[in-house]
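Below, each chain spelled out in residue letters.
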Amino acid sequence: MDYERTAGMAADGLLSYRDDQSGWQVCKKSNDVVVSWRPSSEFPGNVYKGEGVVGGSLADVWKCLKPVPNGLRVKWDDNVKKFELLEQITEDVSVCRTVTPSAAMGIISPRDFVDVILVKKYEDGTISSNATNVIHPGCPPHSGYVRGFNHPCGCICSPIPGEPNKTLVLSFFQTDLGGLLPRSVVDSFFPSSMANFYSNLTKTVRSLKDL
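Residues numbered from 1 in each chain as written. Predicted model: local features only at pLDDT ≥ 70, side-chain atom pairs only at ≥ 80, totals over all residues. Heavy atoms only, no water.

Participant: Would you mind going over the overall build of the protein chain with me for this structure?
Facilitator: When helices and strands are tallied, the protein chain shows 4 helices and 12 strands. For 211 residues, the compact-globule estimate of 2.2 N^0.38 gives 17 Å, and the C-alpha radius of gyration of the protein chain, at 16 Å, lies within 12% of that figure. Taken along the three principal axes of its C-alpha coordinates, the protein chain extends 50 × 40 × 35 Å. Intrachain contacts of the protein chain at a sequence separation of at least 6 include 58% that bridge at least 24 residues. Looking at the protein chain as shown, the accessible area adds up to about 10600 Å², and 53% of this sits on carbon and sulfur atoms. (Helix = DSSP H or I, 4+ residues; strand = E, 2+ residues; numbered from the N terminus. Rg over C-alpha atoms; globule rule 2.2 N^0.38 Å. Contact = heavy atoms within 4.5 Å. Areas by Shrake-Rupley, 256 points an atom, 1.4 Å probe, with all protein chains shown as cover.)

In structure tokens, the structure reads:
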């Protein structure tokens, strides 16, 4: 499988979601984030967009989001229980397994996801983490977990001109959770989950500054 090409297509997909403002409908607002959704063109579900300004430098925000084993993400993100490196393809491309805990009061059982992830840096200082589902011979379905599938998703962290201690964070989720879940459960889970994501990210970045 051409993991690099697949990861590059995921990154292109995220930029297209960022740049195409049509069709988004706001479904949740908080102090930290505005969450919008629109029908996905990848699978019979929705793509969700989170947009928020996090109080911290881009370097600190990225430190919290960087997709690496033993990174900070598993410590603060309620939806990441375990993050494993399966194969390092290039310096910026890797194949990883993410394990998520049960959610929605146990209605959503533990899941695992196998994704190729590309970390990409842009000339304006923007850093993005881009992921999409792949098959990897080293990670067949695991007993006790429902295998879910992430379609092009990730985070785009951008500097805000004149505001070195603030970072614009765009996040995109479009996940087929697998299993026989009621659509209403899925549609209510993601907006709330994304609001918590931004709230926890903001608190973690703030705690870095206090160290």
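Okay, back to it.
Participant: How should the environment of Y122 be read in this particular structure?
Facilitator: Along the chain, Y122 falls in the loop between β6 (111-121) and β7 (127-133). Separated by 36 residues in sequence, Y122 and S158 place their C-alpha atoms 9.3 Å apart.

Participant: Looking at this structure, I do not really get empty space enclosed by the protein. What am I missing?
Facilitator: Rolling a probe over the atoms, with the probe sized like a water molecule, indicates the empty space that remains. Applying the stated rule across the entire model yields 1 cavity of 30 Å³ or more. The calculated volume of the largest cavity comes to roughly 630 Å³. Around the largest cavity sit 33 residues that line it, and R73, V80, T98, N150 and F173 are the ones nearest its centre. Contributing elements (two or more residues each) for the lining of the largest cavity: α3 (73-76), β5 (93-100), β6, β7, β10 (153-160), β11 (163-173) and α4 (183-210). Here the residues of the lining of the largest cavity are counted per class, giving 21 nonpolar, 8 polar and 4 charged. (1 Å grid on protein atoms, 1.4 Å probe; cavity = no way out; pocket = protein on both sides within 12 Å on 5 of 7 lines; lining within 4 Å. Points joined across faces, edges and corners; volume = space filled by probe spheres on them. Nonpolar A, V, L, I, M, F, W, Y, C, P; charged D, E, K, R; others polar.)

Participant: Please clarify how the nonpolar core should be interpreted in this entry.
Facilitator: Across soluble globular proteins, you tend to see nonpolar side chains buried next to one another. Of all hydrophobic cores here, the largest spans 31 residues; its most connected members are V61, L65, V169 and L201. Counting only elements with at least two residues in this core, the list comes to β3 (46-54), α2 (58-65), β6, β10 and α4. Apart from residues lying up to four places away in sequence, V61 is in contact with V54, G56, C157, T167, V169, L201 and V205. If you look at the next biggest cluster of nonpolar residues, it comprises 10 residues, including Y3, A11, V134 and C139. (Core = buried A, V, L, I, M, F, W, Y, C linked by side-chain atoms within 4.5 Å. Buried < 20%, exposed > 50% of the residue type's maximum accessible area, 1.4 Å probe, protein only.)

Participant: Got a minute to help me understand unusual backbone geometry in this structure?
Facilitator: Apart from glycine, the bulk of residues carry a negative phi angle, and the bulk of peptide bonds sit in the trans form. Unusually for a residue other than glycine, N70 sits at a positive phi of about 65 degrees. Of note, N70 is situated in the loop between α2 and α3. The class of N70 is exposed, set by a relative accessible area of 75%. In this structure, A104 takes a positive phi of about 55 degrees despite not being glycine. Turning to its location among the elements, A104 is positioned in the loop between β5 and β6. Among the residues examined, A104 registers a relative accessible area of 28% and is labelled partly exposed.

Participant: Help me understand the layout of surface pockets in this model?
Facilitator: Its boundaries defined by the atoms lining it, the largest pocket holds a volume of some 320 Å³. For the largest pocket, the lining is made up of 17 residues, of which K66, V68, E91, D92 and V119 are closest to its centre. For the lining of the largest pocket, the elements supplying multiple residues, two or more each, are β4 (82-88), β5 and β6. For the lining of the largest pocket, the residue count by class is 11 nonpolar, 2 polar and 4 charged. Roughly 230 Å³ of volume is contained in the second largest pocket.

Participant: Mind showing me how you'd approach the side chain of R97 here?
Facilitator: Of note, R97 is situated in strand β5. A relative accessible area of 2% means that R97 is categorised as buried. Within the structure, R97 has its side chain in polar contact with the side chain of D112 (distance 2.9 Å). With residues near it in sequence (within four places) discarded, R97 still touches K82, F83, E84, L86, D112, F113, C139, H142 and Y145. (Polar contact = N/O pair within 3.5 Å; in protein donor to acceptor, adjacent residues only side chain to side chain.)

Participant: Can you walk me through the environment of V169 in this structure?
Facilitator: When you line up the elements, V169 lands in strand β11. Residue classification places V169 among the buried residues on the basis of a relative accessible area of 0%. Linking V169 and S41, residues 128 residues apart in sequence, is a C-alpha distance of 23 Å. Those residues in contact with V169 that sit more than four places away from it in its chain are G50, E51, G52, V54, V61, L65, I156, C157, Y198 and L201.

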